[in-house]
Amino acid sequence: MAKAAKNNTLKLKFDTINYAPAPESKSSATIDAQYDLFINGKFEKPLSKKYFDTINPATEEKLSSVAEANAADVDKAAKAARTAYDKVWSKMPAKERAKYIYRIARMIQERAREFAVIETLDGGKPIRESRDIDVPLVANHFFYYAGWADKLAYAFPNRNPKPLGVAGQIIPWNFPLLMAAWKIAPALATGNTVVLKPAETTPLTALKLAEIIQESDLPPGVVNIITGAGATGAAIVNHPDINKIAFTGSTDVGKIIQRAVAGTDKKVTLELGGKAANIIFEDAPIDQAVEGIINGIYFNQGHVCCAGSRLFVQESIYKEVMRKLKDRIATLIVGDPMDKNTDVGAINSKQQLETIHKYITIGKKEGLEIFESSCTLPKKGFFCKPTLFTNVAQSSRIAQEEIFGPVLAIQTFRTDDEVIEKANNTPYGLSAGVWTDKGSKIFNLTTKLRAGVIWANTYNKFDPTSPFGGYKESGFGREGGLQGLGTYLNV
Ligand code: NAI
Ligand code: MG
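Draft legend 1. Local environment of the overall build of the chain. On a plain count of helices and strands, the chain comes out with 17 helices and 20 strands. For a compact globule of 491 residues, the expected C-alpha radius of gyration is about 23 Å, and the chain comes in at 23 Å, within 12% of that figure. C-alpha extents for the chain along the principal axes are approximately 70 × 50 × 40 Å. Taking all 491 residues of the chain together, 58% fall into the buried category. Intrachain contacts of the chain at a sequence separation of at least 6 include 75% that bridge at least 24 residues. Side-chain charges of the chain comprise 61 positive and 53 negative groups, with the mean position of each set lying 2 Å from the other.

Following this line, the structure appears as structure tokens:
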């Protein structure tokens, strides 16, 4: 088929179609008016006596109020975790521990719909993603690590692996339940106990997970889930009787944590920001690559630490890629995250939307060329049009700083060496993407790009068996796979 003709018909078709709304039902989800702290197997009122609201960022409506743990609450949770570690969890045979982790995995599957709906209501991501990506990955993560629990001696032969003790875990709002699974599953499989804090804008699925943990009869205190904002996180980091801190979030807070634990014997893993290069060579399958670009930056509203936020296109195919990319952006459905047609949902918070707007203004002021989707945004809630900048210089702040929103910075290149140098020219090193027909080119780039995860001819694919983590200011330590066990063990 003639390429141009095919493209025009596609465009016409999409421009004229208005999908009827296909809203997911909220009936599968029960959200309580108020949530307390999950400590020692029970929901307990906070000693702080304080609560804060969590809202639906797509409507700005309040969903629930949630306890705000202070240092005394954190201490209570840490003590419960210590007692559970000393008296029960560290003494339990590994295959018994595994049974609980399998049980939690199955219970998540049974209540998958409810988790997906609450994740979308509390965080703003499209229901299609919560339902088809986040929640299945969460269950898989628990299943995967349950399998390792009684095989640690094989995973680390002749190294006598031993748990660290109590793990303090602090997670962000972009993949709330998935990050809870990434943290809790390997900690339990390796015999540690947990104090976990979800992000203040997205606490609800972690609290639902607490309900499941309670129903699973996991011994009290093995997992404690407490809510609050930065001060609560800091109290976890500074608690003297916590042996390991696992953090995912901003590079700024990562640096604060590193300073706080310096000179203590706490172990730390940090999974921080990114500014990934997605590199398209002239011999790449262009249509797939365009899908990969879209998935790389507009998936989850760009709230992805490994988002393909810098696009490098080889000069010879630049025009074609740009035409197809703009056509594709025009077809993205932006709006109600609960609608099954929606591709791009709500920005997680007013604050994050302001950050994104700030960067769009910077890009304009720097004189970059801007293109944005012509969609109309809902009147209420926090939304941002899929946006891209062209003519971007290496020194542009749009190309250097993490925006964490649906904003793409586009540059061109001629040779492999040039694109490797440009791609590596960032303080981050979390991920990258390479699109080419040639295996040799993939190997050349994957060995020279300084990034923890590199996708070839695909983007944003996750699997529990595969380690994830960064270089440089993107942090250190790996999560997922065999490597993800090692960071919870003394070997
Ligand atoms: P943040 O780093 O402040 O929040 C992440 C978690 O850390 C939350 O649970 C928060 O309550 C907690 N926290 C905040 N201050 C803390 C402290 N002093 N000690 C211990 N815990 C603390 O991230 P924020 O402000 O929500 O987002 C800012 C930027 O960070 C985003 O624009 C994005 O660029 C980046 N980010 C990166 C993420 C990633 O996955 N790597 C996830 C979220 C944000
Ligand atoms: Mg919320």
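Draft legend 2. Broad picture of the coordination of the magnesium ion (ligand 2). At 2.2 to 2.5 Å from the magnesium ion (ligand 2) lie its protein donor atoms, namely Thr54 (OG1), Ile55 (O), Asp122 (O), Asp122 (OD) and Thr201 (O). In the primary structure, the donors to the magnesium ion (ligand 2) are separated according to the pattern T-I-x66-D-x78-T. A residue pair is termed long-range when its members are at least 10 positions apart, and Asp122 in helix α4 (residues 112–123) and Thr201 in the loop between β8 (193–197) and α8 (204–215) qualify at 79 residues. A residue is classified by how much of its surface remains accessible, and Asp122, at 2% relative accessible area, is buried. Of the residues examined, Thr201 reaches a relative accessible area of 24% and is grouped as partly exposed.

Draft legend 3. Just the site of ligand 1, in detail. Taken together, 25 residues are adjacent to ligand 1, and Trp173, Glu200, Ser250, Leu272 and Glu402 come closest. Here an oxygen atom of ligand 1 and a side-chain polar atom of Lys197 are 2.8 Å apart. At 2.7 Å from an oxygen atom of ligand 1 is found a side-chain nitrogen or oxygen belonging to Glu200. For ligand 1, whose unbound accessible area comes to 820 Å², protein coverage reaches 85%. Residue assignment for the shell around ligand 1 shows that the elements contributing at least two residues are α9 (230–238) and β10 (244–248). Sort the elements by how many residues they give to the shell around ligand 1 and α9 lands first, with three residues. When the residues that make up the shell around ligand 1 are grouped by side-chain class, the tally is 13 nonpolar, eight polar and four charged. Residues lining the shell around ligand 1 come from more than one domain, with at least three contributed by each of domain 1 (34–272 + 474–490) and domain 2 (277–463).

Draft legend 4. Expanded view of helix α11 (residues 286–298). When the terminal C-alpha atoms of α11 are compared, their 18 Å separation across 13 residues agrees well with the 18 Å that a helix rising 1.5 Å per residue should span. When we look at burial in α11, the residues that qualify are Ile286, Ala289, Val290, Gly292, Ile293, Ile294, Gly296, Ile297 and Tyr298. Against the buried residues of α11 lie β12 (277–280), β13 (310–314), α12 (318–331), β15 (387–390), β16 (407–413) and β17 (431–435). Two residues or fewer past α11, Asn300 is found with a positive phi of approximately 55 degrees.

Draft legend 5. Representation of the pattern of salt bridges in the model. A complete count under the given rule lists 28 salt bridges for this structure. We note a salt bridge from Lys208 to Glu114, for which the minimum N-O separation is 3.1 Å. Here Lys208 is found in helix α8, whereas its partner Glu114 is found in helix α4, with 94 residues between them in sequence. Grouping residues by exposure puts Lys208 and Glu114 together as buried. Close ionic contact of Lys324 with Asp287 constitutes a salt bridge, the shortest N to O distance being 3.0 Å. Placement of the pair is Lys324 in helix α12 and Asp287 in helix α11, with a sequence separation of 37 residues. Since its relative accessible area comes to 10%, Lys324 is described here as buried. Residues participating in the shared-partner salt-bridge network are Arg111, Glu114, Lys208, Glu211 and Glu215.

Draft legend 6. Region of the structure containing the packing of α11 against α12. Put simply, α11 and α12 touch, their axes get as near as 10 Å, and they point 55 degrees apart. Comparing their axes, α12 and α11 come out oblique. The handedness of the crossing between α11 and α12 is right-handed. Where α11 abuts α12, its residues Ile286, Asp287, Val290, Glu291, Ile293, Ile294 and Tyr298 lie against Glu320, Val321, Lys324, Leu325, Arg328 and Ile329.

Draft legend 7. Looking closely at the domain arrangement of the chain. Once the domains are mapped, the chain shows domain 1 (34–272 + 474–490) and domain 2 (277–463). Using C-alpha coordinates to define each centre, domain 1 is positioned 30 Å away from domain 2. Taken residue by residue, the interface counts 28 residues in domain 1 and 30 residues in domain 2. Counting each side, the surface lost to burial between domain 1 and domain 2 is near 2,500 Å², with a carbon and sulfur contribution of 59%. Per-residue buried area on domain 1 facing domain 2 is highest for Arg128, Trp173 and Ser474; these three make up 22% of the total on that side. At the boundary of domain 1 and domain 2, one finds one salt bridge. One can count 15 residue pairs in polar contact (both at pLDDT 80 or more) joining domain 1 with domain 2. At the level of elements, α4 and α5 (127–148) are the ones that each hand at least two residues to the side of domain 1 that touches domain 2. A total of six residues in the side of domain 1 that touches domain 2 trace back to one element, the largest contributor, which is α5.

Parameters at a glance
- Residues numbered from 1 in each chain as written.
- Chains lettered and ligands numbered in written order.
- Predicted model: local features only at pLDDT ≥ 70, side-chain atom pairs only at ≥ 80, totals over all residues.
- Heavy atoms only, no water.
- Helix = DSSP H or I, 4+ residues; strand = E, 2+ residues; numbered from the N terminus.
- Rg over C-alpha atoms; globule rule 2.2 N^0.38 Å.
- Buried < 20%, exposed > 50% of the residue type's maximum accessible area, 1.4 Å probe, protein only.
- Contact = heavy atoms within 4.5 Å.
- Lys, Arg positive; Asp, Glu negative; His and termini not counted.
- Charge placed at Lys NZ, Arg CZ, Asp CG, Glu CD.
- Donors = N, O, S within 2.8 Å, 3.2 Å for Na, K, Ca; no water.
- Near = heavy atom within 4 Å.
- Polar contact = N/O pair within 3.5 Å; in protein donor to acceptor, adjacent residues only side chain to side chain.
- Areas by Shrake-Rupley, 256 points an atom, 1.4 Å probe, with all protein chains shown as cover.
- Nonpolar A, V, L, I, M, F, W, Y, C, P; charged D, E, K, R; others polar.
- Domains from an automatic or database assignment.
- Expected span 1.5 Å × (residues − 1).
- Salt bridge = Lys/Arg side-chain N within 4 Å of Asp/Glu carboxyl O.
- Axes fitted to C-alpha atoms, helices over the stretch in contact; angles between N-to-C directions.
- Parallel < 35°, antiparallel > 145°, perpendicular 65-115°, else oblique.
- Left-handed = near helix turned anticlockwise from the far one by under 90°.
- Buried area = accessible area lost by both parts, 1.4 Å probe.

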